Amino acid sequence: MINLYVTRHGQTVWNVERKFQGRKDSPLTELGKMQALLFHERLKKLDVDIIYCSPSQRTIETMRLMKGELEIPVVFSEKLYEMGFGDWEGKNIIEIGEKYPVECNNLYHHPDTYLPITGETYESVFDRTKSLIDEILEKEQDKNVLVITHGITRKAIMTFFQEKSLEEFWNMEAIAKQASLTHIKIQEDGSYEVLLKNDYMHWKHLEE
């Protein structure tokens, strides 16, 4: 059996400024750092054996704050990168939507027909995240595994465990809160149960 825990990086400057990030990076905000630090208190109770982390700086910064003094080995995997947005990265989402209305509408509403001008397709994101999940299932039996990744990448992972199609990608749930916790219990026969989804009780008080 595997306990798979999935989280997203803390809030970043470009999250606040509504800019595409993708493979580019912006630093965590003070709120983002606090989200990760509060996740650390929760992580201490999960008895995690190994962490799989996206190599982006925002996920690495999040991982270090979440892990703190805990001696947990970390595997960096490019399969956990955020969806690549090519030339849109670092640019305002609203401004790009005004310039490329058809492509942006498909990106957020019709993923099965989205064709990037530059950047990555949904199929590519699905393929690499599915490959990583298969790798974890093969290598990490009887372990508690934490995956630290990004908004769209996390949603791609969840499509496998909620049995959703690409067409249903944006209908199944919203983008997860930063530094939230999702927990999937996976049995050796491949059956699974989503026990917790997008839970951020550890920092919810910061919104109030």
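Note that the structure is predicted; figures quoted are calculated from it, not measured.

## Some words on the pattern of salt bridges
- This structure, assessed with the given rule, holds twelve salt bridges.
- Across the pair R42 and D199 runs a salt bridge, and its minimum N-O distance is 2.6 Å. Of this pair, R42 sits in helix α2 (residues 30-43) while D199 is found in strand β6 (residues 192-199), placing the two residues 157 residues apart along the sequence. Each member of the pair, R42 together with D199, is buried.
- The partner of D134 in a salt bridge is K130, with the nearest N and O atoms 2.9 Å apart. One end of the pair, D134, and the other, K130, are both in helix α6 (residues 122-139), four residues apart, so they sit about a helical turn from each other.
- Each of R23, E120 and R128 takes part in one network of salt bridges that share partners.

## Section: the UniProt feature "active site" (unreviewed entry) in the chain
- Listed under "active site" (unreviewed entry) in the UniProt record, and renumbered for this structure, are H9 and E82. These annotated residues cover 74 residues of sequence, but their C-alpha atoms sit close together, with the largest distance between any two at 10.7 Å.
- Mapped onto the elements, H9 comes out in the loop between β1 (2-8) and α1 (13-16).
- The class for H9 is buried, based on a relative accessible area of 2%.
- Within the structure, H9 has its side chain in polar contact with the side chain of R58 (distance 3.4 Å).
- Considering the arrangement of structural elements, one finds E82 in the loop between β3 (74-76) and α4 (93-99).
- Aside from chain neighbours lying at most four places away, what touches E82 is G22, R23, R58, E120, R128, H150, G151, I152 and T153.

## Some remarks on helix α7 (residues 151-161)
- Burial analysis of α7 places ten of its eleven residues in the buried class, the great majority of the element.
- Every buried residue belonging to α7 is among G151, I152, T153, R154, K155, A156, I157, M158, T159 and F161, and all of these are buried.
- Summarising the contacts, the buried residues of α7 are in contact with β1, α6, β4 (144-149), β5 (181-186) and β6.
- Just downstream of α7 lies E163, where phi reads positive at about 55°.

Conventions adopted
Sequence order sets the numbering: in each chain, residues are counted from 1 along the sequence as written. Restriction of local features to residues with pLDDT of at least 70 applies here, the model being predicted, together with a cutoff of 80 or more for giving and counting side-chain atom pairs; totals for whole chains, interfaces and linings are based on all residues. Hydrogen atoms and water are omitted, and side-chain values are computed over all heavy atoms in the structure. Any Lys or Arg side-chain nitrogen found within 4 Å of a carboxyl oxygen on Asp or Glu counts as a salt bridge. Numbering of helices and strands runs from the N terminus, with a helix taken as a DSSP run of H or I at least four residues long and a strand as a DSSP run of E at least two residues long. For every residue, the accessible area (1.4 Å probe, protein chains only) is compared with the maximum for its type, and the residue is labelled buried under 20%, exposed over 50%, or partly exposed between those bounds. UniProt positions are given in the numbering used here, feature names are shortened, and annotations may be inferred rather than shown by experiment. By the criterion applied in these results, polar contacts are pairs of N or O atoms within 3.5 Å in which, for protein atoms, one can donate a hydrogen and the other can accept it, and in which residues neighboring in sequence qualify only through two side-chain atoms. In this description, contact between two residues means that some pair of their heavy atoms is separated by no more than 4.5 Å.

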